[in-house]
Amino acid sequence: MRFRAKIVDLACLNHFSRVINTIAKLAKTCTLRLTVSKLYFILSDKVANGGVSMWCELCQGNFFDEFQMEGVAAEHNEIYLELVPENLSRALKTAQSAKAVKIKLTNKHCPSLRVAVELPSLSSSSRIVTHDIPVGVIPRRLWSDFREPSVPDFDVSIYLPVLKTMKSVVERMKNLSNSIVIEANLSGEMNLKIETDLVSVTTHFKDLGNPPWTSEDASQSSAQDRDLESMAEARIDIKKLQQLLAGQQVNPTKALCNIVSKRIVHFILLHEDVSLQYFIPALA
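Computed from a prediction, not measured in an experiment: that's the story for all the values here.

Draft legend 1. Highlighting the sheet that holds strand E18 (residues 274–281). Overall, antiparallel pairing links the nine strands, which are arranged E10-E6-E2-E3-E4-E18-E17-E16-E11 in an open sheet. Bordering the open sheet on either side are strand E10 (136–137) and strand E11 (156–159), each of which pairs with just one other strand. When strand E17 (residues 264–271) meets E18, the two strands line up antiparallel, connected through eight bridges. Directly across from Leu-270, in E18, lies its bridge partner Ser-275.

Below, the structure is given as structure tokens:
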């Protein structure tokens, strides 16, 4: 099992840092899955038990100048590692103006990701700052726990309003209630609501647009027969939503959400070379 990679381009490095920062805000620990062409950051708290799950996918070719890996076996050419993303985020913070960053899987005392940051220096010798981030190697028999979550058979799919706006609305509402109701319909309307014994507040968004899912897509079946005006809704933990919005450092070019009534809200944030899916289960 071997892995080494290198980033030289500063823009790629900063972009990679932002992605890792976002993930660190969303997950205390996560699984890093390495394949020849992609990196995945996976959080699979069982949604059934009320945990959120996350699936973030990056094409390595858009970030790394060099990328070599040998998986567990020829026919299973993948590596699954458990790590604390905050540690990786911290290591990359020292790399703001680096000449290069090398990441390598090592196993001196325990398995680690070694992040070596080459900093510019005035003399001819370069300065290298090294961070060793402990990781756990996940055995192959457990890999199936980290499959991509399937997109639920949703009732409504809608584009999200500007995330900054949504974030400030949710932050204000967070002081009033622990849960928030998200409802949307197929006419591009979405409401964020909180209702307590003392207060009820609703923010309305209009003309958001609904994604054109292809008709052969099975997940669209239930949405096709819906009345365009009727709302699908789910009540979710407001802190989990706020965490998602506050953690955003990768400005997505597209952001949308799928609602399965009273069951789950599935967010998809897309940026040229990164896609982040985030599942928040509904509260009973």
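Draft legend 2. Examining the environment of Asp-145 more closely. Tracing the backbone shows Asp-145 in the loop between E10 and E11. We classify Asp-145 as partly exposed; its relative accessible area is 42%. Placed 106 residues apart in sequence, Asp-145 and Leu-39 show a C-alpha to C-alpha distance of 17 Å.

Draft legend 3. A look at the pairing of E17. Across the eight residues that make up E17, a large majority, seven, are buried. Where strand E16 (residues 254–260) folds back onto E17 in an antiparallel hairpin, the turn is made up of three residues, including Lys-262, whose phi is positive at roughly 60°. The turn linking E17 back onto E18 is made up of two residues.

Reading guide: rules and limits
- Residues numbered from 1 in each chain as written.
- Predicted model: local features only at pLDDT ≥ 70, side-chain atom pairs only at ≥ 80, totals over all residues.
- Heavy atoms only, no water.
- Pairing = 2+ DSSP bridges.
- Helix = DSSP H or I, 4+ residues; strand = E, 2+ residues; numbered from the N terminus.
- Buried < 20%, exposed > 50% of the residue type's maximum accessible area, 1.4 Å probe, protein only.

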